Every structure is written in structure tokens, then in C-alpha cells.
Amino acid sequence: MSYASPFIAATFTIMTGFLLFSALGMDPLVAFYTFFLAPINSLNGLAELFLKASPLVLIALGLAAGFRANVWNIGAEGQLTIGAIACSGLALHYYSSESHLLLPMMIVAGALGGIAWAAIPALLRTRFNANEILVSLMLTYVAQLLLSYLVHDPWRDPQGFNFPQSQLFPDAALFPILVEGTRLNASVLMSLAAIAAGWVFINKSFLGYQMRVAGLAEGAARYAGFSAKRTIWIGMLAGGAAAGLAGVGEVAGPLGQLLPTVSPGYGFAAIIVAFVGRLDPVGILLAGLLMSLLYLGGDAAQIGMNLPAAVSGLFQGTLLFFLLGADVFITYRIRVIRGVRTQPQEIAV
Amino acid sequence: MIDSIVPILVVTLGAGTPLIFAALGELVTEKSGVLNLGVEGMMLVGAIVAFIATSASGSLWWGVPAGFLAGAGMALIFAFLTLTLQANQVAAGLALSIFGAGLSAFVGKAYVGVALQSAPRLDSPLLSEIPVIGPLLFSLHPLVYLSWLLFAAVGWFLYKSRPGLVLRAVGESPASAHAIGYPVIPIRYFATLFGGAMSGVAGAYLSLVYAPLWLEGMTAGRGWIALGLVVFASWRPARVMVGAYLFGGITITQLFAQGAGIGFASQVMSALPYLATIVVLVLISRNLAMIRLNAPVSLGKQFHPDA
């Protein structure tokens, strides 16, 4: 039954979109077409849909492992940034390499970068009880400042007319294109593999079971002797590894170089994807495609309807609100009780 | 020496003020047992709505109430989801932050680069002429004085008034408070709306006084830092004040270091407030006894009267 609420939420979000477009004096049907259908009306559009869904799905899968156990890693955006930095370091160092090993090494470096960045909140949480939500978020700002420093100073392209960007990566450091004429590249295979791995982890592994128990009933998990620290470590590092890989997918994919911004908020949008996908691999795939469509629609609205691209963020938040609201009607049976009022009583001490 | 320190202190007071509003508001919310992680989003919406109100009316005195209402409106969405519909507070708070960032960027697109007249100060004649104390105490922006007033009011309300006692009781044990007949959910609504309104005022201060302009995502994590401050302060208003000015000082070290000719990369300086937040979180949180003693027991947990 709980699978109904994402669909309810999506429907309500689209209806909100209709109201918003009407309020802005646009023909809602035209706006709807421009936003949701026109972007995927071609082979190139579909390729872009998968290209943008790929990092969202990948990160959401990693985060879901933690969310299931009530481990709240919300710094995936920063872990993605560090992953991108780590693999860019390799690509720029072996700039003239044509080795087939370069890309696999970059993938490993990116994953390790993301893991390292996620290990900080995990360590501080397990060792010092520091709130992982705040620490992982603060580290996102630090990661973005580090990226800004690198592209402005040591890693800036000397022939780049002073633009804050690195050199273009060599071909050996780029994912091969899967569909000719589009930007769809082999990095989406990482996301597909992650869906399979996530399904096995959640449904077939003892560790995944332990983490689910930890999330549903902390006391029961403790009583059964499941290590709470291990749960936190795995929950945080899974998100970090996935986000780091997504960072590799961006710089070694559509970007092809290190830029001051490597992600349009994928790390945050993936949180919504994880929830809307019910923390389930297949659900996350569907939610990732929907979220990707919201991104594409936002771009199309900017060009076609002169709306700010931020309209995507607006819809993302709305979608999650409706989802959380819809869950109530599925989890609980609503009864209206009237006439029950108690008066505060003075208590004699 | 004094001559160079006074301007630094004045700027520190200014940089700490938005943190005071947001953190004191969130403190009241958390004291009632509600954890609202949407501070960043409420601040952003408060900032843009206040900016629009001010640039439309030409008066700062429309902007601040507009920010107040906008923040409260955002908090109302959160309160409805978590208190009436019993949604998970962490998820709803994150949603509020993401929604607020999107909404403010969407509404604020037309206001990027619009200039406001610079804000008036309350220069008390004569008193502001006194060296050192004059500029520090008698010629600041009215909202800075308002933040001091808020500190006194929150301290009095929570620890000296009966409604404040009830609010704290609701945060410690909603079931007991309900059993003796206090309306737990309405009290939590009040505390959540108050926190949102104060976040809205914090945002208004940023866009009207501190900047004063509108930029997408201009709060730059201050909402999250305010959340960290509440933990740092171990839920005590006076410690919020100390923490806010400490962080205000760290935020402006950049200006100070440049003035002193210290040549770090600007990014290093910009990262300091975020790193400092992590450091203080670790220092405070490692003391489990202190957290257990001070944190509202029911923080972040749902309560339903029938349960």
C-alpha cells in the first residue's frame, strides 16, 4: 500500500504545477507540455533523461542504505564534490596518458574520495556523538570551497583565458559514449549495477537486514547484539561511495573537466529521490527518472517560458511535502473525534 | 588599538544578529520537543519576502513584519505535516529547506541586483558620541537591539513564566503534559510558528540590513549553523548569545585578516565558520551527560494524543 503515496504525491505535484502556471497567466496545457513532455520527445531528450537520472539514482541508493537505519547523511553533495576532485586529480596528473587503466583508477579514486569525506561525520558521530546531519552538511560547504580554490588557483587551465576551470580531460579519462549523437555515456552502467547491488544488499544480505532492524526498532537491534556503530559506518560510507562515484560520472562524463560547480544539487535532490522511491531500489529508479524529468523541465521552462530554472527546486520540495502528507492516509486510519476536551487541572504540591 | 577593535566589534555584532534570531527561535521550537531542520529554507523565504516588501513599499518597517509572517507561514507547512499529519520531522525539515531554497530562488529571480537604500541606524544623540561605548551600544541597527530584547524575552518566557514552564514540560514529556490536560499539539504549533517567524526575521536582517541585497541562497548555511548553535548552547538562551557572537566574529575574520595583511586563500577563511561549527559540535556532543541533561527528552519524536 505504501507504494501508492509516491503516485499520489506526483499527481498532486503536477496539479500544483497547473495552478502555478495558471496563476502566472500561462496556458497550463502548453506549460505542461513544455515542462513534462517536450524535453523527452526525442532520442536526445531520452538520453538526457537517463543521463541526469543516473547520478540521482546512484546517490539515492547509497543514501537509502543509511536512511533505512536512521543514519542521516545529507552531505552527499559534498561527497560528490570530493569524488569529482579526487578523480580529476588523477586525470590532470596523467594528462598525456592513453592507458585503459586511467578511467578505472579514476572511478576508484572518486569512490574513495566520497568515502573519505563521509567517514568524517561517521567518525565524529561514533566517537564523539556529534550530529551527522549538521557535520555532513557543513562539510558540503567546505568541499565546495575546496573545489573553488582548486579551479581558481593550482588546477586552473593555463590556456583557459583565466576562467576558473581545469584543462579538458584526455579521452582515456572519459566514459565512452553509449548512444551515438547523444551525451549518454557508460557512467549510467554504474547506476544500473548499483540498483542490482542495492536490491541484493537490502533483501538478501544479513547486514542489510541488521540495518533495517536498527532503523525500525533500535532497542531490538541492540538486544540482538547488532553493532550500532557498524550501522552508522556502513550507512554513511555507502552514501559517500555512491556520491563519489556520481562525482566521477559528472566530470568524466558530460563535463569533461573540473568546473567551479560540478553538480546542480544532485546530492540534495537524491535525498528526495530516496524518500519518494520508498528507500527501495526499483522505487528509487522510478523516482530518479521523475526527478530527472523535473530538472529537464526546469531547463525547458527557462528557455521556452522564461521561467527561472529554480522552478525545479520548487517542484522537488513540493513533491516531498505531498509524499509525507500522503503517507499519513496510508499509515493511519483517520477517525474524527469530537467533543473530547479536558481542562488543565491544578496539581497541589 | 581601541580604534581598530571597535569597528571589528560592531561588525561582529552585525554578523551575529541573524544567528541570534534564528537560533533563539529554533531553541523555543526544540524546547517544545519539535526538531525543525528547515531553518535554512525559512530564512531564505523570509529574506526574499522581506526584500520584496521593502523594495515595493520603500520602507524597512514593512520588510521585517513581512519576513516574520513569511517565516511563520513556512513553519506552518512543517507544523501541519509533522504535528497534524504525524510525518517524520527530519524528512519534513529537509523538505522545508529544499522547498525554501527553490521557492526563494523562483520568486527572487526578478530582484537579483536590485538595490535598496541603506538601512537607517538609531543614533541616539549625545550617547552615540561617547568613545568606544557609543558606537558599540548606542548607534547600532534597531534590529540588533531587537535581538537583545528577544534574548531577554525568551529567557524570561522559558524560565520565569508559567506558559514557558508548560512549553518545557511538553518538550520533556508530552504524554504527562497531555495527561494533566495541556494541549500538546497547539503548544507545539505555537513553538514551531514562533521559531519560523524568528527565522524569517533573521532572513529579513540578512537581505535588508546585512547585505543589503538579494542573492540566491544568500543565507550560505547560516540556518544550519543556527541549528548547530542550539546544540552548542545546550539549549540555554544565554549560551546562544555567546555562540552567535563567537560565530559572528569567525565569519568576519576574513575582513580582519585582509586588513592585517594575512595572506590565506579567501576560501580558507570562508570555510572557517563551517569548520568551527563541526569543532564545537564535537566538543559539546562528546559530553553525553551534558546533552542528556539539557536536551528536551522528546526532541524529534512524534506525539499523538491517543497513543
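Being a predicted model, the structure only gives us computed values, none of them experimental.

Thresholds applied
Residues numbered from 1 in each chain as written. Chains lettered and ligands numbered in written order. Predicted model: local features only at pLDDT ≥ 70, side-chain atom pairs only at ≥ 80, totals over all residues. Helix = DSSP H or I, 4+ residues; strand = E, 2+ residues; numbered from the N terminus. Contact = placed C-beta atoms within 7 Å. Buried ≥ 20, exposed ≤ 12 C-beta atoms within 10 Å, placed from the backbone. Axes fitted to C-alpha atoms, helices over the stretch in contact; angles between N-to-C directions. Parallel < 35°, antiparallel > 145°, perpendicular 65-115°, else oblique. Left-handed = near helix turned anticlockwise from the far one by under 90°. Expected span 1.5 Å × (residues − 1). Core = buried A, V, L, I, M, F, W, Y, C linked by C-beta atoms within 7 Å. Nonpolar A, V, L, I, M, F, W, Y, C, P; charged D, E, K, R; others polar. Arc of directions from axis to C-beta.

**Student:** Lay out the overall build of chain B in plain terms, naming residues and giving numbers.
**Tutor:** Of regular secondary structure, chain B possesses 14 helices and zero strands. Element order for chain B, N to C, with α for helix and β for strand: α-α-α-α-α-α-α-α-α-α-α-α-α-α. Long-range pairs, those at least 24 residues apart, make up 79% of the contacts in chain B with a sequence separation of at least 6.

**Student:** How would you explain the overall build of chain A if you had to name every residue and give the values?
**Tutor:** When you go through chain A residue by residue, the secondary structure sums to 13 helices and zero strands. From first element to last, N terminus to C terminus, chain A shows the α and β order α-α-α-α-α-α-α-α-α-α-α-α-α. Overall, chain A is about 80 × 55 × 40 Å in size when its C-alpha atoms are taken along their principal axes. Scored against the burial criterion, the 349 residues of chain A give a buried share of 54%. Counting contacts in chain A only where the partners sit at least 6 residues apart, residues at least 24 apart contribute 77% of the total.

**Student:** An account of the packing of helix α3 (residues 43-67) of chain A against helix α11 (residues 266-276) of chain A is needed here, citing residue identities and associated values.
**Tutor:** Residues and elements named next belong to chain A. Where α3 contacts α11, the axes come no closer than 8 Å and their chain directions differ by 60°. The orientation of α3 with respect to α11, classified from their angle, is oblique. Seen along the crossing, α3 lies across α11 with a hand that is right-handed. Counting all contacts with α3, which are made through P55, L56, V57, I59, A60, L63, A64 and F67, the residues of α11 involved are Y266, G267, A269, A270, I271, V273 and A274.

**Student:** Got a sec to walk through helix α6 (residues 132-152) of chain A? Specific residues and values, please.
**Tutor:** Working note: α-helix, 3.6 residues per turn, so residues spaced by three or four point in the same direction. In this model, α6(A) (21 residues) spans 30 Å end to end at C-alpha, consistent with the 30 Å of a helix rising 1.5 Å per residue. α6(A) sits mainly inside the fold: 18 of its 21 residues count as buried.

**Student:** An account of the nonpolar core is requested, with residue identities and associated values reported.
**Tutor:** Of all hydrophobic cores here, the largest spans 217 residues; its most connected members are I59(A) and V273(A). Looking at this core, the element that brings in the most residues is helix α9 (residues 184-210) of chain B, giving 15 residues. Not counting residues up to four positions away in its chain, the partners in contact with V273(A) are L56(A), V57(A), A60(A), I284(A), A287(A), G288(A) and M291(A).

**Student:** Residues and numbers for unusual backbone geometry, please.
**Tutor:** All names here are of chain A. Positive phi, normally seen in glycine, also occurs at N70, with a value near 60°. Within the secondary structure layout, N70 lies in the loop between α3 and α4 (76-93). C-beta crowding within 10 Å serves as the criterion here: with 16 such atoms nearby, N70 is assigned to the partly exposed category. Backbone geometry at L279 places phi at a positive 55°, although glycine is not the residue there. The topology assignment puts L279 in the loop between α11 and α12 (281-304).

**Student:** Before we move on, can you summarise the interface of chain A and chain B with the specific residues and values?
**Tutor:** Between chain A and chain B, the residue contacts involve 42 residues of the former and 41 residues of the latter. Elements with a minimum of two residues in the side of chain A that touches chain B: α5 (102-128), α6, α11 and α13 (311-331) of chain A. Here the side of chain A that touches chain B gets 12 residues from one element, more than from any other, and that element is α13(A).

**Student:** A description of the packing of α5(A) against helix α10 (residues 228-255) of chain A should follow, citing residues and the corresponding values.
**Tutor:** Helix-helix packing is characterised by the crossing angle of the two axes and by the distance between the axes. Residue and element names in this part refer to chain A. Interaxial distance between α5 and α10 falls to 7 Å at its minimum, and their mutual angle equals 145°. Of the two possible hands of crossing, α5 and α10 adopt the one that is right-handed. In terms of residue class, the contact of α5 with α10 is built from 20 nonpolar, eight polar and two charged.

**Student:** Can you lay out helix α6 (residues 142-160) of chain B for me, pointing to particular residues and giving the numbers?
**Tutor:** All names here are of chain B. With 19 residues, α6 extends 26 Å from end C-alpha to end C-alpha; this agrees with the ideal 27 Å at 1.5 Å per step. Every buried residue belonging to α6 is among L143, V144, S147 and V154, and all of these are buried. The buried residues of α6 occupy an angular sector of 105° when the element is viewed end-on, so they sit on one face. The exposed set on the far side of α6, more than 90 degrees from its buried face, consists of L149, A152, W156 and K160.

**Student:** I'd like to hear about the environment of R239(B), residue by residue, with values.
**Tutor:** All names here are of chain B. Take R239: it is sitting in helix α11 (residues 237-251). Note: C-alpha distance between R239 and L299 (60 residues apart in sequence) is 19 Å. The residues touching R239, leaving out its near neighbours within four places in the chain, are A233 and S234.

**Student:** An account of the environment of L80(A) is needed here, citing residue identities and associated values.
**Tutor:** Residues and elements named next belong to chain A. With respect to the helices and strands, L80 occurs in helix α4. The class for L80 is buried, based on 36 C-beta atoms found within 10 Å. In the structure, L80 is positioned 74 residues away from P154 in sequence and 20 Å away in space, judged by C-alpha atoms. Residues within four places of L80 in sequence aside, it is in contact with I59, G114, A243, G244, A246, G247, S263, Y266 and G267.

**Student:** Could you give me a rundown of the environment of S263(A), with the residues and numbers involved?
**Tutor:** Topologically, S263(A) is positioned in the loop between α10 and α11. What S263(A) contacts, discounting residues up to four positions off in sequence, is E77(A), L80(A) and E250(A).

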